[in-house]
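Coordinate inspection notes
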Amino acid sequence: MSLVLDAAAQDLLFREARTANTFTDEPVTEEQVQAIYDLVKFGPTAFNQTPLRIVLVRSAEARERLAPLMAEGNRAKTTAAPLVAILAADNEFHEELPTLFPHFPQAKDAFFAERPVREQAATLNAALQAAYFIVGVRAAGLAAGPMTGFDFAGVQKEFLDDDHTPLMIVNIGKPGEGASYPRSPRLAYDEVITTV
């Protein structure tokens, strides 16, 4: 192979990594989440935008508020996961651009003055960051269970505000018994890649 990353790391991050549907009761610590963030914050985004916001749902009270907002098939596993993260896009991310993109601080107003433009950019770049986050969870030796089966408006109202758009909810922990379904097929190289 022509990859620099060794085979074990490739397996950990991609080939053997699976979406988990069950977890052990081993807790996910604040230190683990900090280490994940400290790694994945370096993933590239346009204009160095950092629109991803993460709400960690740890308390029993917060779980009780989240559970009825989950699709029925996602409710039990979300309630039982050691840690649940709500990943959202901050539609006011542009306020940080003068700090995050210092060589062109005018980008804030030149490109992102209008809310619809910001929302589109926030969604795209926060989704990129969410993907990095999932890979970071795997790099920590944990499994992620990302889901979009939930009441988006309800999660926004209960846990966020009008400036934050929920993207996905991710259950996190050590995989439990029968955590994953058999791997589904993937498209082949020549079905995806075109050279012009």
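Residues numbered from 1 in each chain as written. Predicted model: local features only at pLDDT ≥ 70, side-chain atom pairs only at ≥ 80, totals over all residues. Heavy atoms only, no water.

1. A look at the nonpolar core
Nonpolar side chains tend to gather and get buried jointly when the protein is soluble and globular. Note the cut-off: Here, nonpolar core refers to any group of buried Ala, Val, Leu, Ile, Met, Phe, Trp, Tyr and Cys residues whose side-chain atoms link them within 4.5 Å. Whether a residue is buried, partly exposed or exposed follows from its accessible area with a 1.4 Å probe, protein chains only, as a fraction of its type maximum: under 20%, in between, or over 50%, in that order. In this text, helices come from DSSP runs of H or I with a minimum length of four residues, and strands from runs of E with a minimum of two, each type numbered from the N-terminal end. Throughout, a residue-residue contact means that at least one pair of heavy atoms, one from each residue, lies within 4.5 Å.
One finds Leu-87, Phe-133, Val-137 and Ile-172 to be the most contacted residues of the largest nonpolar core, which totals 27 residues. Broken down by secondary-structure element, the contributors of at least two residues to this core are α2 (30-40), β2 (83-90), α6 (107-112), α7 (115-139) and β4 (164-173). Take this core: its biggest share by element is 7 residues, from α7. The residues contacting Val-137, other than those within four sequence positions of it, are Ile-36, Leu-142, Ala-143, Ala-144 and Ile-172. By size, the runner-up hydrophobic cluster in this structure holds 19 residues, among which are Phe-23, Met-70, Val-155 and Ile-169.

2. Digging into the pairing of β2
Applicable threshold: A strand pair is defined by DSSP finding two or more bridges across the two strands.
Within β2, 8 of the 8 residues are buried, which leaves it mostly tucked inside the rest of the structure. Going residue by residue along β2, you find Leu-83, Ala-85, Leu-87 and Ala-89 tucked away on one face and Val-84, Ile-86, Ala-88 and Asp-90 tucked away on the opposite face as well. When strand β1 (residues 52-57) meets β2, the two strands line up antiparallel, connected through 6 bridges. Bridging across to β2, Arg-53 finds its partner in Ala-88. Inspection of the sheet shows β2 paired to β4 by 8 bridges, in the antiparallel sense. Bridge pairing in β4 places Val-84 opposite Asn-171.

3. What to know about the sheet that holds strand β3 (residues 143-147)
In plain terms, the rule: Lines fitted to C-alpha atoms define the axes, with helix axes restricted to the stretch in contact, and inter-axis angles between N-to-C directions lie between 0 and 180 degrees.
The strand order across the open sheet built from 4 strands is β1-β2-β4-β3, with neighbouring strands paired in antiparallel fashion. The open sheet has two edge strands, β1 and β3, and neither has a second partner. Going across the sheet, the axis of each strand differs from the next one's by a mean of 30°, ignoring polarity. Relative to β4, β3 runs antiparallel, the two being bridged by 5 bridges. Paired with Ala-143 across the strands is Gly-173, a residue of β4. Where helix α4 (residues 72-80) meets the sheet, it contacts β2, β3 and β4, and its direction lies at approximately 145° from that of β3. Docked against the sheet, helix α8 (residues 152-159) engages β1, β2 and β4, running at close to 90° with respect to β4.

4. What about a nonpolar patch on the surface?
We apply this condition: Like charges within 9 Å and nonpolar side chains (Val, Leu, Ile, Met, Phe, Trp, Tyr) within 5 Å are joined into patches, using only residues over 30% in relative accessible area that form no salt bridge. All accessibility values rest on the Shrake-Rupley procedure with a 1.4 Å probe; residue burial counts only the protein chains present in the view. For this analysis, a salt bridge means a side-chain nitrogen from Lys or Arg found within 4 Å of a carboxyl oxygen belonging to Asp or Glu.
A cluster of nonpolar side chains, namely Leu-187, Tyr-189, Val-192 and Ile-193, defines an oily patch on the protein surface of about 460 Å² accessible area. Checked against the element boundaries, Val-192 lands in helix α9 (residues 189-192).

5. Let's talk about the pattern of salt bridges
Summed over all chains, the structure comprises 12 salt bridges. Across the pair Glu-158 and Arg-65 runs a salt bridge whose closest N-O atoms are separated by 2.6 Å. You can see Glu-158 sitting in helix α8 and its partner Arg-65 sitting in helix α3 (residues 60-66), a full 93 residues away along the chain. Of the residues examined, Glu-158 reaches a relative accessible area of 37% and is grouped as partly exposed. The closest approach of N and O atoms between Asp-163 and Arg-115, which form a salt bridge, is 2.8 Å. Highlighted residues: Asp-163 in the loop between α8 and β4 and Arg-115 in helix α7, separated in sequence by 48 residues.

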